[in-house]
Amino acid sequence: MRNEYDVVIAGGGLNGPALGLALADAGLRVAVVDAAPERARADDSFDGRAYALALASVRLLGGIGVCDGLAETAQPIRKVIARQGRGTEIGPFGLYFDANEIEEGVLGQMLEDRFLYRALLGAMRDRLTHIPETQVVGEAADAGGIDVSLSDGRILRARLLVGADGRRSGVAKRAGIRRSGHDYGQTALVAALDQEIPHDGAAHQIFLPTGPLAVLPLKGDRSSIVWSLKRDRAQVIGGLGDEDFLSVLGQQIEAITGKVTLAGPRFSYPLNLTLANSYIAERVALIGDAAHGVHPIAGQGLNLGLRDVGALAECVVEAARNGEDIGFATTLDRYQGWRRFDSTSLALGMDGVNGLFSNDNPVLRGMRGLGMGAVNAVPALRRRFMRTAAGLNIDPMPRLLAGKAL
Ligand SMILES: Cc1cc2nc3c(=O)[nH]c(=O)nc-3n(C[C@H](O)[C@H](O)[C@H](O)COP(=O)(O)OP(=O)(O)OC[C@H]3O[C@@H](n4cnc5c(N)ncnc54)[C@H](O)[C@@H]3O)c2cc1C
């Protein structure tokens, strides 16, 4: 059986559905194929992950019509506080961003994976063809289109195949796209916590000698922690029973959170950097983690992916409106030119920040303290960093991220 689409997207995680919805809204026929069963990710126990979404990313979600249902579960980020070591003192060598200093009044929103995924899933049901529990296993491009083979034997014919199939992208591999990167030798321990002291919308980044620990505000008196540790140490701490784990974690954060208890299961993610050496091939484009898997230190992975979504949607829709073949190299070159430099420089920036902040070398400790203190002391510089964190300095800014229609 052969079905005709304009775009087939391999991968129904977060970036794949977001792109699919943007394109479907513009009148394109879209299929999103996902290896995972529909219910798995919508389940409360699937993944403890929560995302610090920049304001620009939130605008894109609004533009594809998935924000309304999320408002109740989203926590506005009103402050970002970075400091070295535990305690409540920010001191002269820390950073304090207050969203009141920028006119938007908020830096972004914290969203839990399960709620975001459910919102995307619901929207996909109404607006495009969603094929769960099925893998994309092959593709063959020709002058007129691309045949996409599925694990159930179906072949979908499209003009363009988008690889949104994550860090181990099979689409990229089969297209001969190589990857660069390295293993960080770190594991992130992730958990949701109930806390005694209200967080007041503050996101904390605590630079400990063992590695960075983020305490991110969720709706209610609840936080999500992402604690990046050297792998052997992560194994020891991650292997502790809940009570002992909370006791070790509590020593690091209770000055700001008060007493904490677990609000759900704990998770761990091995961390690596993986960058595709090209974002495009014949009738193929990569987005999200398939194009760039980065360190979670600044919570930028999904934000970067949504920038890809905004840029690729704009390139494809413009080509379609001009009567061009949306899978042609001109459209794909424009997308790659727009996104690759931005993602690579940010990924390498995060790489450097992680290297600088994940050790206890006294010289580096002094340097990073001076760096943070200098930014904090100059209001104009501080505002500039805040606008960058909110995703408001992207140039050129994709329309969906600027809150405009495609
Ligand atoms: C601990 C941690 C904390 C993070 N915190 C943040 C944060 O605060 N802010 C932020 O912006 N980002 C954050 N990130 C990054 C973010 O989680 C990722 O960037 C994002 O989830 C990537 O989404 P994706 O849709 O590109 O890929 P994925 O979510 O990996 O989805 C890929 C999908 O492809 C499917 N698939 C794979 N192979 C096939 C195939 N052959 N056929 C069909 N489907 C296939 C899979 O089933 C999966 O559903 C964090 C990451 C980690 C590990």
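See the structure above.
Note that this is a predicted model, so its numbers are computed, not measured. (Residues numbered from 1 in each chain as written. Predicted model: local features only at pLDDT ≥ 70, side-chain atom pairs only at ≥ 80, totals over all residues. Heavy atoms only, no water.)

### Structural notes on the side chain of Ser278
Working step 1: Structurally, Ser278 can be placed in the loop between β19 (267-276) and β20 (280-281).
Working step 2: Only 3.5 Å separates the side chain of Ser278 from the side chain of Gln336, close enough to count as a polar contact. (Helix = DSSP H or I, 4+ residues; strand = E, 2+ residues; numbered from the N terminus. Polar contact = N/O pair within 3.5 Å; in protein donor to acceptor, adjacent residues only side chain to side chain.)

### Re the site of the ligand
Working step 1: In the region of the ligand, 30 residues are neighbours, and Asn15, Asp34, Arg49, Asp289 and Leu302 sit closest.
Working step 2: A distance of 2.9 Å is found between an oxygen atom of the ligand and a side-chain nitrogen or oxygen belonging to Asp34.
Working step 3: The backbone of Ala52 places a nitrogen or oxygen atom 2.9 Å from an oxygen atom of the ligand.
Working step 4: In the complex, the protein chains occlude 86% of the 1000 Å² of accessible area that the ligand would expose alone.
Working step 5: Within the residue set of the shell around the ligand, elements represented by two or more residues are β4 (50-54) and α8 (301-321).
Working step 6: Considering only residue class, the shell around the ligand consists of 13 nonpolar, 12 polar and five charged. (Near = heavy atom within 4 Å. Areas by Shrake-Rupley, 256 points an atom, 1.4 Å probe, with all protein chains shown as cover. Nonpolar A, V, L, I, M, F, W, Y, C, P; charged D, E, K, R; others polar.)

### Things to note about the pattern of salt bridges
Working step 1: The full count for this structure, using the stated rule, is 19 salt bridges.
Working step 2: For the salt bridge of Glu38 with Arg125, the shortest nitrogen-to-oxygen distance reads 3.1 Å. Here the residue Glu38 occupies a position in helix α2 (residues 38-42), and Arg125 occupies one in helix α4 (residues 113-127), the gap between them amounting to 87 residues.
Working step 3: On the basis of relative accessibility, which here comes to 24%, the residue Glu38 falls in the partly exposed class.
Working step 4: Overall, Arg125 belongs to the exposed group, its relative accessible area being 52%.
Working step 5: A single network of salt bridges, built from pairs that share partners, joins Arg307, Asp308, Arg339 and Asp342. (Salt bridge = Lys/Arg side-chain N within 4 Å of Asp/Glu carboxyl O. Buried < 20%, exposed > 50% of the residue type's maximum accessible area, 1.4 Å probe, protein only.)

### Here's the deal with the packing of helix α1 (residues 15-25) against α4
Helix packing geometry: the angle between the two helix axes and the distance between the axes.
Working step 1: Running from amino to carboxyl end, α1 crosses α4 at an angle of 35°, the nearest separation of the two axes being 10 Å. In terms of crossing hand, the pair formed by α1 and α4 is left-handed. Residues Pro17, Ala18, Leu21, Ala24 and Asp25 of α1 pack against Leu120, Ala123, Met124 and Arg127 of α4.
Working step 2: A breakdown of the residues in the contact of α1 with α4 according to their chemical character gives seven nonpolar, no polar and two charged. (Axes fitted to C-alpha atoms, helices over the stretch in contact; angles between N-to-C directions. Left-handed = near helix turned anticlockwise from the far one by under 90°. Contact = heavy atoms within 4.5 Å.)

### A word on the sheet that holds β4
Working step 1: Pairing in this open sheet of three strands is antiparallel, and the strands run β4-β8-β5 from one edge to the other. With partners counted over all chains shown, the strands left at the sheet margins are β4 and β5 (75-77), one partner each. With direction set aside, neighbouring strand axes in the sheet form an average angle of 30°.
Working step 2: When β4 meets strand β8 (residues 108-112), the two strands line up antiparallel, connected through five bridges. Bridging from a neighbouring strand, Tyr51 pairs with Leu111 of β8.
Working step 3: Contacting β4 and β8, helix α3 (residues 55-63) crosses the sheet at an angle of about 95° to β4. (Pairing = 2+ DSSP bridges.)

### Thoughts on the nonpolar core
Working step 1: In this structure, Val8, Leu19, Leu23, Ile64, Leu116, Leu156 and Tyr335 are the most contacted members of the largest nonpolar core, which totals 75 residues.
Working step 2: Looking at which element gives the most residues to this core, the answer is α8, with 10 residues.
Working step 3: Formed by 29 residues, the second largest nonpolar core is a distinct cluster that contains Phe97, Ala214, Leu216 and Leu304. (Core = buried A, V, L, I, M, F, W, Y, C linked by side-chain atoms within 4.5 Å.)

### Digging into unusual backbone geometry
Working step 1: Geometrically, the link from Asp395 to Pro396 is a cis peptide bond, its omega value of -5° lying close to zero.
Working step 2: Looking at the element boundaries, Pro396 is found in the segment after α11 (379-389).
Working step 3: Here the phi dihedral of Glu133 falls at roughly 55°; this positive angle occurs in a residue that is not glycine.
Working step 4: Among the secondary structure elements, Glu133 is positioned in the loop between β9 (129-131) and β10 (136-141).
Working step 5: Classification of Glu133 by relative accessible area gives exposed; the value is 57%.
Working step 6: If you check the backbone angles, Arg283 has positive phi at about 60° while not being a glycine.
Working step 7: Structurally, Arg283 can be placed in the loop between β20 and β21 (284-286).

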